[in-house]
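Report on the structure
Chain by chain, the residues:
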Amino acid sequence: LAGTAVGTVSLALYLTTLAPTISWGSDGKAVDGAELLTAANVLGIPHPPGYPTYTLLLKAFTYLVPIGDYAFKGNLLSAVLATLTTVLLFAATARLCRITSPNQPVWIANISSALSSLVLATSPLFWSQSVITEVYTLNTLFLASLLLISSGVALRAKLQIPHRTEHKLFMFTILLGLGLGNHVTLIVFAIPLVYWMGQILGWKQIVSPKLLAGLAIGLAIYVYLPIRSAQTPIINWGHPHSISGLMWMLTARPYQDYAFNIPLVSLIPRVVEWTNLIFSQFNPLGIFLGLVGARRLFINVRGFFLPALVATTIISIYSLTYSTIDFEVLMIPAFLLFSSWIGVGFFWISTSWIPNSYQPNTSGSFLNKTMIQVTTLSILGFLLLPVVSITLNFGTQNMSDDRTAYTHAAEMMDLVPDGSTVISNREKNVFTLWYMSYVEMPERDVAIIAAPLLEFDWYLEDVHRMFPDRIPAMSKVTFKEAASHIMAHNRGRSKVFFTFINSDISNAYDLKRIGDVYQARIK
């Protein structure tokens, strides 16, 4: 019942605040959703590392759901995945509570676990990803699943309950492989769970041919990339049907320079921003409870806590030094773990006045007193954590009326005639225009060209194949050279528009502003 309540509250919150169509999120930083939707719609290959698990799941979900436009279905998928995450986190945290104090009442563990799940559900960052199309709620669902399996193995060992673990470990490895097909950072948090189970069961049982086969089965999802790429879909980053293209994709080569690339002068402001992020997710009470829970786990479940702490530290450093505007989302798995620690901390405080000799048949007066104390503490905990978070963040996280991205892209499409070429440079514009062109308005004949991708021969090959009348054959060119070739190729044929201007454009062409686009002519 407690788990059902957690899922019901979470889903109701997300449905109430769900974005109705493509969205850039509450802070304008969630720009990938339109591209992910477009790639799923055409069964293409989105930006590295390709996200095959998410792409195929999104395609299947949008096919099965009969309501809303394509983007709404993608947003709804995030809400469903986030809800399932909170339910699985509830179950996993209940097991962690019982591992730390197996003789304490189960109902207190359930209340504590419900609090931890709703703290995560209502935290602004997780909430923001649960109402738009993005990969992060699927990532947390995989992590919560792995935590549930590993905590189940640990609890049965703690209670000395005989059980067979082969099928659970096999499921763990399959889920891990599939999860890595969604977001590779999952490995940072999976390793501590594997280490924990290895300490309990022995490494011979963990590193077995059957489990390695399970991991291989999960990772086989990546076969989608070369198979589908060879069929030349509209969205086909990197052409992973070739060996070099596949390596470029799997290693996320375009984004490698972002890692550990924050200048020293910017590091202190980033640390301040990161610290503010932590407090905005959990507030001081949540942080206090999480630290109490961390202490209990350190004492009672050190084989899990210390590796998990190392993983959290690693992802925190990576997030702090990752040179993108949306570095915060990398912290979401760490926030999931910390939310479970909040539940353990609340459980320990709630049971701290119950003697270790407590038994279910304790006298009624003692039991009633305990229930009154725990109930009072629970009401305060829920009011001061999830309820306060909803109250403070509902206005900023409510995307139910957000049509900014859709309106922006639709207006730009209305400004350009069929047969024209639009060259854009910002992801916000490129991805939303791709969505409008290929998903919402497939009848329109507008070539949407991503200026940053013109440096790649695979992209030049694709746009020439799709629009041979407007994009000439090119290779190994700079943006300035590519723009010059496109302008010359279209001179006297069709119109060329830019959604941005820089010195290369303004010096070379006569520009006429039409709304948010610039029509260009050779001087």
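A brief structural summary. (Residues numbered from 1 in each chain as written. Predicted model: local features only at pLDDT ≥ 70, side-chain atom pairs only at ≥ 80, totals over all residues. Heavy atoms only, no water.)

What about the overall build of the protein chain?
Note the cut-off: Labels follow the DSSP assignment, with helices taken as runs of H or I lasting at least four residues and strands as runs of E lasting at least two, numbered in each case from the N terminus. For the exposure calls, accessible area comes from a 1.4 Å probe over protein chains only, and a residue counts as buried if that area is under 20% of its type's maximum, exposed if over 50%, partly exposed in between. Note on contacts: a residue pair is in contact if any heavy atoms of the two residues lie within 4.5 Å. We score Asp and Glu as negative and Lys and Arg as positive, and we do not count His or the chain ends. Every charge is mapped onto a representative atom, which is NZ of Lys, CZ of Arg, CG of Asp or CD of Glu.
For the protein chain, the helix and strand inventory stands at 22 helices and five strands. Overall size of the protein chain, expressed as C-alpha extent along the three principal axes, is 95 × 50 × 50 Å. Counting all 523 residues of the protein chain, 55% fall into the buried class. A separation threshold of at least 6 residues defines the contact pool for the protein chain, and within that pool the share at least 24 residues apart is 74%. Positive and negative side-chain charges of the protein chain, numbering 33 and 28 respectively, have mean locations separated by a distance of 12 Å.

A short note on helix α16 (residues 332-350)
Going by this rule: One less than the residue count of a helix, multiplied by 1.5 Å, gives the span that helix is expected to have.
Between its terminal C-alpha atoms α16 stretches 27 Å, which fits the 27 Å expected from 19 residues at 1.5 Å a residue. By the criterion of burial, α16 is predominantly enclosed, with 17 of the 19 residues buried.

Considerations on the pattern of salt bridges
Going by this rule: One speaks of a salt bridge when a side-chain nitrogen belonging to Lys or Arg is within 4 Å of a carboxyl oxygen belonging to Asp or Glu.
Per the stated rule, a full pass over the model turns up six salt bridges. The salt bridge involving Asp 457 is made with Lys 476; its shortest N-O contact spans 3.2 Å. In this pair, Asp 457 is assigned in helix α20 (residues 457-466) and Lys 476 in the loop between α20 and α21 (479-490), connecting sequence segments 19 residues apart. In this structure Asp 457 comes out as partly exposed when scored by relative accessible area, which is 28%.

Thoughts on the side chain of Thr 499
Along the chain, Thr 499 turns up in the loop between β3 (496-498) and α22 (503-508). Of the residues examined, Thr 499 reaches a relative accessible area of 10% and is grouped as buried. Ignoring any residue separated from it by four or fewer positions in sequence, one finds Thr 499 in contact with Met 412, Val 422, Ile 423, Ser 424, Asn 425, Asn 429, Leu 433, Asp 516, Val 517 and Tyr 518.

Some details on the nonpolar core
Convention followed: Among the buried residues, those of types Ala, Val, Leu, Ile, Met, Phe, Trp, Tyr and Cys that are joined through side-chain atoms within 4.5 Å form a nonpolar core.
Core analysis: the largest hydrophobic core is formed by 162 residues, its most contacted members being Trp 237, Phe 304, Trp 434, Tyr 459 and Phe 498. Setting aside chain neighbours within four positions, we find Phe 498 in contact with Ile 423, Phe 479, Ala 483, Met 487, Ile 505, Tyr 509, Val 517, Tyr 518 and Ala 520.

Description of the packing of helix α2 (residues 33-41) against helix α3 (residues 52-64)
Note the threshold: Every angle, taken between N-to-C directions, lies between 0 and 180 degrees, and every axis is a line fitted to C-alpha atoms, over only the stretch in contact when it is a helix. Roughly parallel means an angle under 35 degrees; roughly antiparallel, over 145; roughly perpendicular, 65 to 115; everything else is oblique. Each residue receives one of three labels: charged for Asp, Glu, Lys and Arg, nonpolar for Ala, Val, Leu, Ile, Met, Phe, Trp, Tyr, Cys and Pro, and polar for the others, Gly being one of them.
Direction vectors running N to C along α2 and α3 enclose 70 degrees, while the axes themselves pass 8 Å from each other. By the criterion of interaxial angle, the relationship of α2 to α3 is roughly perpendicular. Contacts between α2 and α3 involve Leu 36, Leu 37, Ala 39, Ala 40 and Asn 41 on the former and, on the latter, Tyr 54, Thr 55, Leu 58 and Lys 59. When grouped by side-chain class, the residues that make up the contact of α2 with α3 number six nonpolar, two polar and one charged.

Examining the environment of Lys 168
Considering the arrangement of structural elements, one finds Lys 168 in helix α8 (residues 166-180). The exposure class of Lys 168 is partly exposed, given its relative accessible area of 23%. For the pair Lys 168 and Ile 287, spaced 119 residues apart in sequence, the C-alpha to C-alpha distance is 32 Å. Leaving out residues up to four positions away in the same chain, Lys 168 has contacts with Ile 149 and Arg 156.

Regarding a nonpolar patch on the surface
Here is the rule we go by: By definition, no residue in a patch forms a salt bridge, and every one has over 30% relative accessible area; like charges are joined within 9 Å, nonpolar side chains (Val, Leu, Ile, Met, Phe, Trp, Tyr) within 5 Å. Computed with a 1.4 Å probe, the accessible areas rest on the Shrake-Rupley method; for each residue, only the protein chains presented here act as cover.
Side chains of Ile 379, Leu 380, Leu 383, Leu 384 and Val 387 sit close together on the surface and give an oily, nonpolar patch of about 420 Å² of accessible area. As for its placement among the helices and strands, Leu 383 is situated in helix α17 (residues 364-397).

Examining the pairing of strand β5 (residues 517-522)
Stated formally: We call two strands paired when DSSP finds no fewer than two bridges between them.
As paired strands, β3 and β5 are joined by three bridges and run antiparallel to one another. Paired with Phe 497 across the bridge in β5 is Gln 519. Of the strand pairs in this sheet, strand β4 (residues 509-514) and β5 are connected by six bridges, and their pairing is antiparallel. Residue pairing for β5: Asp 510 is matched across the bridge by Arg 521.

Side note on the sheet that holds strand β2 (residues 447-450)
With respect to topology, five strands assemble into an open sheet ordered β2-β1-β3-β5-β4, the strand pairing being mixed. Each edge of the open sheet carries a strand with a single partner, namely β2 and β4. Each strand of the sheet is rotated relative to its neighbour by a mean of 30 degrees, with strand direction disregarded. Sheet strands touched by helix α19 (residues 427-440): β1 (421-424) and β2. Its angle to β2, the strand with the most contacts, is close to 155 degrees.

That's the geometry; what it means functionally is another story.
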